[in-house]
Amino acid sequence: MTATRVLVLNSGSSSLKYQLLDMRDSSRLATGLVERIGERTSRLKHTALTTGATRETTGPVTDHAAALKAVAEELGRDGLGLDSPELAAIGHRVVHGGSSFTEPAIVDDAVLAEIERLVPLAPLHNPANLTGIRTARSLRPDLPQVAVFDTAFHTTMPESAARYAIDVSTADEYRIRRYGFHGTSHAYVSRETAKLLGKAPQDVNVIVLHLGNGASASAVRGGRCVDTSMGLTPLEGLVMGTRSGDVDPAVILHLARVGGMSTDETDTLLNKKSGLIGLCGDNDMREIRRRVDEGDEQARLAFDIYIHRLKKYIGAYYAVLGRVDAIAFTAGVGENAAAVREAALAGLEELGLAVDAGLNAARGDGARIVSPEGARVTVAVVPTDEELEIATQTYALVGASHDLT
Ligand code: AMP
């Protein structure tokens, strides 16, 4: 029997998301989520897409190891357990791969040690990712585990884009550089956009706008990332749901000197209490648009600041690329908020950028073009699928190194 299934695990600080895919046709067999790990009211929601059965359980799940064991049990109840000979590998989303990981890696002790060494760069995420990998390894020691890094796609950035203009020896000592995140999404969406244009990825230049609760832009030349808006951490760049994006770094110094704010307080302010929520009290674009439509000035200003920043990045990446074949909008806001797409490109007709009002307003599944017929730059809505990308990269790597038949 050929092993064609890949389990994708995405371990957050207090959550574990999973999907089981069959790589013969990229179909989903099961999907689910364990939330509030470490609390008394943890919740596991599991859906077997093979039968349509959905089960929900609440109760304490003490840690990620317990969460993964519970997931394994749920999968087992649907005949999809981790002991199945059809399972080819487990693919793990790992947030920070630093400069070391330019591609996905089959997990061994050296890979684990390197992910551990990168913990100071992603103190919340990498430890959770490591726990997920270690637990999965203990449950199936014989099964290949693959780490797929959020940063890997961006390691092709030239030094001119990846370096901050700060003292080189200080930057190198503390590994301070622009790493970028959401890499699996940018990789997947830029490739899918090329497909939509009927071209090979190496033949197109694309600006990808990943606009979810976290948001980032990337400039992709011929399939390789040449710039992206997130930096050392996911805080840099666009205005996000709760993150400020770009601020003058001296804001932080000012808050410390004048406001007496601690490092942790500033961290919380900029990562959790800024962006859209800081500007207007809501981080859901649907709610913000509803308020804008009702004439709410605070929501209007938040929307305008969000759009102004987005437009600046579109212009910047247009200049970085020189020639742009397509702009792809993706993730929760990018895929669903027609008003954001329209406002972000308004007034950019001279650059060959525009949306067709009818196409932009129409709803639809799958990748679709929303620019007018014959436009110089194709504007597209391209749904992202990070789990499929992780599964695809995992399966390709495992297939290349093992005989799966
Ligand atoms: P993500 O992080 O990709 O899951 O995106 C989540 C965000 O997408 C939410 O916080 C909303 O702001 C936004 N979103 C989801 N659905 C819609 C919609 N129909 N219209 C506008 N924004 C949406």
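Definitions and cut-offs
Residues numbered from 1 in each chain as written. Predicted model: local features only at pLDDT ≥ 70, side-chain atom pairs only at ≥ 80, totals over all residues. Heavy atoms only, no water. UniProt positions renumbered as here; feature names shortened; annotations may be inferred. Helix = DSSP H or I, 4+ residues; strand = E, 2+ residues; numbered from the N terminus. Rg over C-alpha atoms; globule rule 2.2 N^0.38 Å. Buried < 20%, exposed > 50% of the residue type's maximum accessible area, 1.4 Å probe, protein only. Contact = heavy atoms within 4.5 Å. Areas by Shrake-Rupley, 256 points an atom, 1.4 Å probe, with all protein chains shown as cover. Pairing = 2+ DSSP bridges. Axes fitted to C-alpha atoms, helices over the stretch in contact; angles between N-to-C directions. Phe/Tyr/Trp six-rings, centres within 6.5 Å; stacked < 30°, edge-to-face > 60°. Lys NZ or Arg CZ within 6 Å of the ring centre and 35° of its normal. Polar contact = N/O pair within 3.5 Å; in protein donor to acceptor, adjacent residues only side chain to side chain.

Under an unreviewed UniProt entry, the name given to the protein chain is Acetate kinase, and the source organism is Streptomyces fagopyri. Under the UniProt heading Function (unreviewed entry), the note attached to the protein chain is "Catalyzes the formation of acetyl phosphate from acetate and ATP. Can also catalyze the reverse reaction." The record held by UniProt for the protein chain lists under Subcellular location (unreviewed entry) the comment "Cytoplasm".

Student: Lay out the overall build of the protein chain with the relevant residues and their values.
Tutor: Across its full length, the protein chain holds 15 helices and 14 strands. Taking 22 Å as the expected radius of gyration for a compact globule of 405 residues, we find that the protein chain reaches 22 Å, a close match to that expectation. By principal-axis analysis of the C-alpha atoms, the protein chain measures approximately 55 × 55 × 45 Å. Each of the 405 residues in the protein chain was classed as buried or not, and the buried ones make up 50%. The long-range share in the protein chain, meaning contacts at least 24 apart out of those at least 6 apart in sequence, stands at 63%. Counting every atom, the protein chain has about 18,100 Å² of accessible surface; 52% of that belongs to carbon and sulfur.

Student: Account for the pairing of strand β14 (residues 378-381), with residues named and values stated.
Tutor: For a regular strand, side-chain orientation follows a simple rule: the groups alternate between the two sheet faces. Alternating positions in β14 separate into two faces, Thr378 and Ala380 on one and Val379 and Val381 on the other, with burial throughout. Where strand β12 (residues 326-330) lies against β14, four bridges are found, and the strand directions are parallel. In the sheet register, Ala326 faces β14, and the bridge partner there is Thr378. The pairing of strand β13 (residues 368-369) with β14 spans two bridges and is antiparallel. Bridging from a neighbouring strand, Ile369 pairs with Ala380 of β14.

Student: Explain the sheet that holds strand β8 (residues 145-149) to me, using residue names and the numbers behind them.
Tutor: Read from one edge of the open sheet, eight strands run β5-β4-β3-β2-β1-β6-β8-β7, paired in mixed fashion. Both edges of this open sheet fall to β5 (53-58) and β7 (105-106), since each of them pairs with a single strand only. Where strand β1 (residues 5-11) meets strand β2 (residues 16-22), seven bridges bridge the pair, whose relative direction is antiparallel. Residue pairing in the sheet places Arg5 in a bridge with Asp22 of β2. Its contacts with the sheet place helix α3 (residues 125-139) against β1, β6 (87-94) and β8, and it is angled at close to 165° to β6.

Student: An account of the packing of aromatic side chains is requested, with residue identities and associated values reported.
Tutor: Scanning all chains against the criterion turns up two aromatic pairs. Each ring, one from Phe101 and one from Phe149, has its centre 4.1 Å from the other, and the planes form 10°; the classification is stacked. Here Phe149 lies in strand β8 and Phe101 lies in the loop between β6 and β7, a separation of 48 residues in the sequence. Residue classification places Phe101 among the buried residues on the basis of a relative accessible area of 10%. Note on Tyr313 and Tyr317: the rings are 5.7 Å apart at their centroids and 75° apart in plane angle, and the pair reads as edge-to-face. Note that Tyr313 and Tyr317 are positioned in helix α11 (residues 297-321) at a spacing of four residues, about one turn of the helix. Residue Tyr313 is classed as buried on the basis of its relative accessible area of 12%. Residue classification places Tyr317 among the buried positions, given a relative accessible area of 3%. The positively charged end of Arg289 is found above the aromatic ring belonging to Phe303, 4.5 Å away from the centroid.

Student: Summarise the sheet that holds β12; cite the residues concerned and give the values.
Tutor: Sheet architecture is open: six strands sit in the order β11-β10-β9-β12-β14-β13, paired in mixed fashion. Strands with a single pairing partner mark the edges of an open sheet, and in this sheet they are β11 (224-228) and β13. With four bridges joining them, strand β10 (residues 215-221) and β11 adopt antiparallel strand pairing. Paired with Val220 across the two strands is Cys225, which belongs to β11. Lying over the sheet, helix α6 (residues 183-196) contacts β9 (205-211), β10, β11, β12, β13 and β14, oriented at roughly 130° with respect to β9. Each of β9, β12, β13 and β14 is contacted by helix α13 (residues 338-345), which is oriented at about 150° to β12, the strand it contacts most.

Student: Tell me about the environment of His210, and name the residues and values.
Tutor: The topology assignment puts His210 in strand β9. Taking the C-alpha atoms as reference points, His210 and Ala328, 118 residues apart in sequence, are found 8.3 Å from one another. The residues contacting His210, other than those within four sequence positions of it, are His182, Ser185, His186, Ala215, Ser216, Thr330, Ala331, Thr384 and Glu386. Looking at His210, its side chain comes within polar contact range of the side chain of Ser185, at 2.8 Å.

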